[in-house]
Each structure stands twice: as C-alpha cells, then as structure tokens.
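Report on the structure
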Amino acid sequence: MTTSVLVTWSTRYGSTEEVAQVIASVLREAGLAVEARPVGTVESLERFEAVVLGSALYMGRLHRDARRFLSSQRDALTGRSVALFVLGPIHKDEKEWTGARSQLDREMRKLPWLKPFAQQMFGGRWDPARLGFPFSLFPPLRRMPVSDARDWDAIRAWAVRLAGALQPAARTA
C-alpha cells in the first residue's frame, strides 16, 4: 500500500512553494502518492496519512496562513504523521541562524499539541524587487541585496530521509 502524503505550504513571495515542490518531487520519486497544494486550498486531510507543512518565519512567527491551517486542522493533524520545514535566515551568518532557531522554538512552544516526526529549518530567499505593500515603502528594505540561502542539496537530502520514514514498512516497524 502506498502512503498518501500532502505537501502543503504558506508563502508570501514564492520561496517556500519552490522548496515544497522539490520536496514533493523527491517523495514522488520514492514511490509515495503525493499531492502538493497551498495551505489555503486544503479543506480536509481525510485522504492523507501524512502531512508535510512548509512555512517561512516572518518577524519571528510562522506565516499567518500556516498558523490558520494548524489551528483549523488541529484535530486531523494529531492523528497523522506530520513533518515541518521552515525557511528562515536569508544569509549564511551563524548568528542569524541561531536567532531564527530560537524564534522557531518559541513558535513551537505555542503549539504543544504539534509533535512533528521531522522538523527542519532551511535558509530562505530575499529579493527586494518582490516586496509587497507595505514593505515596499521602506527604502532600507528595497536597498538590501538579493540573497538566497536555500541549500538545495540539504533540502533534497531531508526529503529523501522523509521518504524513507514515510514508507509503509518504516512506519509499521
């Protein structure tokens, strides 16, 4: 029997979706039945045995749509395997990564019921040309250089580990 997995994400500028699509592709290559959709389009988890949720950290919090999804799907999520990936730092600076991990830890303490079997932080992307209102109004933000701290090899490697953990034989062992 093939495990049915929902890969879902919340994103403001598309970076988290790009990561989610790569993860979904790796899971499919491993033989899992995968559906990839933004959190705002998910009405039910009934068809899925596992959920992979992606979000970015914005101002130290999970994206608003991810928080809404977790709240509205709380009961359904507690009965499923859940993995969480979060995009955070936009540079490779260790201080930035340490701060982002602390922010994620604070967010997870607000969700004591959520027990992901896998959780990972990846670097994010910053492109001032993609800023929306009201952030586009702040000159210092518009002057920041483009940055992409996503490590595609690490993302694929994490997805391979997820695939192994989600295989039916691995889950029953």
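For the structure, see preceding data.
This one's a predicted model, so the numbers in the text were calculated from it and none came from an experiment. (Residues numbered from 1 in each chain as written. Predicted model: local features only at pLDDT ≥ 70, side-chain atom pairs only at ≥ 80, totals over all residues. Heavy atoms only, no water.)

In this section: the pairing of strand 2 (residues 33-38). Bridging between strand 1 (residues 4-9) and strand 2 involves 6 bridges; their strand directions are parallel. By the bridge assignment for strand 2, valine 5 is matched with valine 34. For the segment spanning strand 1, helix 1 (residues 15-29) and strand 2, crossover handedness is right-handed. (Pairing = 2+ DSSP bridges. Helix = DSSP H or I, 4+ residues; strand = E, 2+ residues; numbered from the N terminus. Right-handed = clockwise from strand over helix to strand, strands pointing away.)

What follows covers the side chain of serine 10. Here serine 10 shows up in the loop between strand 1 and helix 1. Among the polar contacts made by the side chain of serine 10, one reaches the side chain of serine 55 at a distance of 3.4 Å. Not counting the four nearest positions on each side in its chain, serine 10 is found in contact with Thr16, Val39, Gly54, Ser55, Ala56, His63, Asp65 and Ala66. (Polar contact = N/O pair within 3.5 Å; in protein donor to acceptor, adjacent residues only side chain to side chain. Contact = heavy atoms within 4.5 Å.)

Bringing the nonpolar core into the picture now. If you look at the biggest cluster of nonpolar residues, it comprises 26 residues, and the most contacted ones within it are Val5, Ile23, Leu27, Val52, Phe85 and Trp158. Within the residue set of this core, elements represented by two or more residues are strand 1, helix 1, strand 3 (50-58), strand 5 (81-87), strand 6 (118-122) and helix 6 (152-166). Top contributing element to this core by residue count: helix 1, with 7 residues. Once residues lying within four places of it in the same chain are set aside, the contact partners of isoleucine 23 are Val52, Phe85, Ile155, Trp158, Ala159 and Leu162. (Core = buried A, V, L, I, M, F, W, Y, C linked by side-chain atoms within 4.5 Å. Buried < 20%, exposed > 50% of the residue type's maximum accessible area, 1.4 Å probe, protein only.)

What follows concerns the layout of surface pockets. Considering only enclosed or pocket space, the second largest pocket measures out at about 160 Å³ in volume. Lys92, Trp97, Gln120, Met121, Phe122, Gly123, Ala149, Asp151, Ala154, Trp158 and Arg161 are the residues that line the second largest pocket. Looking at the lining of the second largest pocket, the elements that each hand over two or more residues are strand 6 and helix 6. Partitioned by chemical class, the residues of the lining of the second largest pocket number 6 nonpolar, 2 polar and 3 charged. (1 Å grid on protein atoms, 1.4 Å probe; cavity = no way out; pocket = protein on both sides within 12 Å on 5 of 7 lines; lining within 4 Å. Points joined across faces, edges and corners; volume = space filled by probe spheres on them. Nonpolar A, V, L, I, M, F, W, Y, C, P; charged D, E, K, R; others polar.)

As a further point, take helix 1. Over its 15 residues, helix 1 runs 22 Å from end to end, which matches the ideal 21 Å to within 8%, given 1.5 Å per residue. Here helix 1 has its buried residues at Ser15, Thr16, Val19, Ala20, Val22, Ile23, Ala24, Val26 and Leu27. Backbone geometry just after helix 1 places glycine 31 at a positive phi near 95°. (Expected span 1.5 Å × (residues − 1).)

A few words now on the packing of helix 1 against helix 6. In contact at an axis separation of 9 Å, helix 1 and helix 6 are set at 45° when each is read in the N-to-C sense. One way to sum up the angle between helix 1 and helix 6 is to call them oblique. As helix 1 packs across helix 6, the resulting crossing turns out to be right-handed. Two secondary-structure elements touch here, helix 1 through Glu18, Val19, Val22, Ile23, Val26 and Leu27 and helix 6 through Trp152, Ile155, Arg156, Trp158, Ala159, Val160, Leu162 and Ala163. When grouped by side-chain class, the residues that make up the contact of helix 1 with helix 6 number 12 nonpolar, no polar and 2 charged. (Axes fitted to C-alpha atoms, helices over the stretch in contact; angles between N-to-C directions. Parallel < 35°, antiparallel > 145°, perpendicular 65-115°, else oblique. Left-handed = near helix turned anticlockwise from the far one by under 90°.)

Okay, the packing of aromatic side chains next. By the definition in use, this model includes 3 aromatic pairs. Between the aromatic rings of phenylalanine 85 and phenylalanine 122, the centroid separation amounts to 6.4 Å while the plane-to-plane angle is 55°, which identifies the pairing as tilted. Of this pair, phenylalanine 85 sits in strand 5 while phenylalanine 122 is found in strand 6, placing the two residues 37 residues apart along the sequence. Since its relative accessible area comes to 4%, phenylalanine 122 is described here as buried. Summarising the aromatic geometry, the rings of phenylalanine 122 and tryptophan 158 are spaced 5.8 Å apart at their centres and angled 75° between planes, so their arrangement reads as edge-to-face. You can see phenylalanine 122 sitting in strand 6 and its partner tryptophan 158 sitting in helix 6, a full 36 residues away along the chain. The class for tryptophan 158 is buried, based on a relative accessible area of 4%. Chaining the aromatic ring pairs together yields one cluster made of Phe85, Phe122 and Trp158. (Phe/Tyr/Trp six-rings, centres within 6.5 Å; stacked < 30°, edge-to-face > 60°.)

It is worth spelling out the pattern of salt bridges at this point. Side chains that differ in sign of charge can pair as their charged atoms come close. Summed over all chains, the structure comprises 8 salt bridges. Ionic pairing is found between aspartate 65 and arginine 64, a salt bridge with its closest N-O pair at 3.8 Å. Taking the relative accessible area as the measure of exposure, aspartate 65 reaches 27% and is therefore partly exposed. You can call arginine 64 partly exposed: its relative accessible area is 45%. Residues joined in a network through salt bridges with shared partners are Glu35, Arg37 and Arg47. (Salt bridge = Lys/Arg side-chain N within 4 Å of Asp/Glu carboxyl O.)

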